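Coordinate inspection notes
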Amino acid sequence: SSSSSSSSSVLVLVLVLMNALTQVRNTQRISREEVVRGTSGHASWHDQYKASAYVYAGGLSFDLTEGDVLAVFSQYGEVVDVNLVRSKDTGKSKGFAFLCYEDQRSTVLAVDNLNGAKVAGRIVRVEHVQDYKKKKLEEEEEGLGEEEEEEGL
């Protein structure tokens, strides 16, 4: 029964990986079709995300640091926020991140160029993020920083 349990775990992992790769391929296909048709602006599938300058990056190597992620993604514009998600217990990377670009148009470049790319030996998934919500702790830290600055004036 133990081997049955481990084989079903492997099957679930394979299905999750296949699903992520299928999503990568679908996004690449849609982007290629737009290039062939000369689609841009409001007609582009990217347009529905024009209110957000955030992207999701998944499938990242667990060894990558925030600096590594910044180096890769800054090829497509100025990154103003990197949230490499880490385990609360161990502090180790969970293999995904959220990044914010200064210019929303950079998200289109990042999605079109990095989605499906191999980074540090792994195929990464890069997608637009419709409505990124900062964690409560991040917002509190930012609020504290602003109060300290105001008090210092």
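Above this text you will find the structure in question.
Residues numbered from 1 in each chain as written. Predicted model: local features only at pLDDT ≥ 70, side-chain atom pairs only at ≥ 80, totals over all residues. Heavy atoms only, no water.

Digging into the packing of aromatic side chains
Tallying each qualifying case throughout the model produces five aromatic pairs. Ring geometry for Tyr54 against Tyr132: centres 4.1 Å apart, planes inclined by 20 degrees, an arrangement best described as stacked. Taken together, the residues span a long stretch of sequence, with Tyr54 in strand β1 (residues 54–58) and Tyr132 in the loop between β6 (125–128) and α4 (136–152) at a distance of 78 residues. By relative accessible area, which is 12% here, Tyr54 ends up buried. Judged by its relative accessible area of 15%, Tyr132 falls in the buried class. Judged by centre distance (6.1 Å) and plane angle (85 degrees), the ring pair of Phe96 and Phe98 falls under edge-to-face. Take Phe98: its relative accessible area is 18%, and that puts it in the buried class. Three or more aromatic residues link up through ring pairs in this structure, and these residues are Tyr54, Tyr56, Phe96, Phe98 and Tyr132. (Phe/Tyr/Trp six-rings, centres within 6.5 Å; stacked < 30°, edge-to-face > 60°. Helix = DSSP H or I, 4+ residues; strand = E, 2+ residues; numbered from the N terminus. Buried < 20%, exposed > 50% of the residue type's maximum accessible area, 1.4 Å probe, protein only.)

Considering the sheet that holds β1
Adjacent strands of a sheet pair through backbone hydrogen bonds, lying either parallel or antiparallel. Taken in spatial order, the four strands make up an open sheet running β2-β3-β1-β6, and their pairing is antiparallel. At either end of the open sheet lies a strand with only one pairing partner, and these are β2 (79–86) and β6. In this sheet, neighbouring strand axes are inclined to one another by 20 degrees on average, regardless of whether the strands run parallel or antiparallel. Strand direction decides the pairing type here: β1 and β6, joined by four bridges, are antiparallel. Residue pairing in the sheet places Gly58 in a bridge with Arg125 of β6. Against the sheet, helix α2 (residues 66–73) makes contact with β1, β2, β3 (93–101) and β6, and its axis sits at roughly 135 degrees relative to β2, the strand it touches most. In the packing of helix α3 (residues 105–114) onto the sheet, the strands contacted are β1, β3 and β6, and the crossing angle to β6 comes to about 150 degrees. (Pairing = 2+ DSSP bridges. Axes fitted to C-alpha atoms, helices over the stretch in contact; angles between N-to-C directions. Contact = heavy atoms within 4.5 Å.)

Things to note about the pattern of salt bridges
Using the criterion set out here, one finds three salt bridges in the structure. Between Arg105 and Asp103 there is a salt bridge, with the nearest N and O atoms lying 2.6 Å from each other. Residue Arg105 is classed as exposed on the basis of its relative accessible area, which comes to 61%. In this structure, the salt-bridge partner of Glu127 is Arg125, at a minimum N-O distance of 3.8 Å. (Salt bridge = Lys/Arg side-chain N within 4 Å of Asp/Glu carboxyl O.)

With respect to α2
What α2 keeps buried is the set Val69, Val72 and Phe73. Across the axial projection of α2, the buried residues extend over an arc of 90 degrees, all falling on one side. (Arc of directions from axis to C-beta.)

With respect to α3
Of the residues making up α3, those classed as buried are Ser106, Thr107, Ala110, Val111 and Leu114. What you see down the axis of α3 is that its buried residues fit within an arc of 135 degrees, all on one side.

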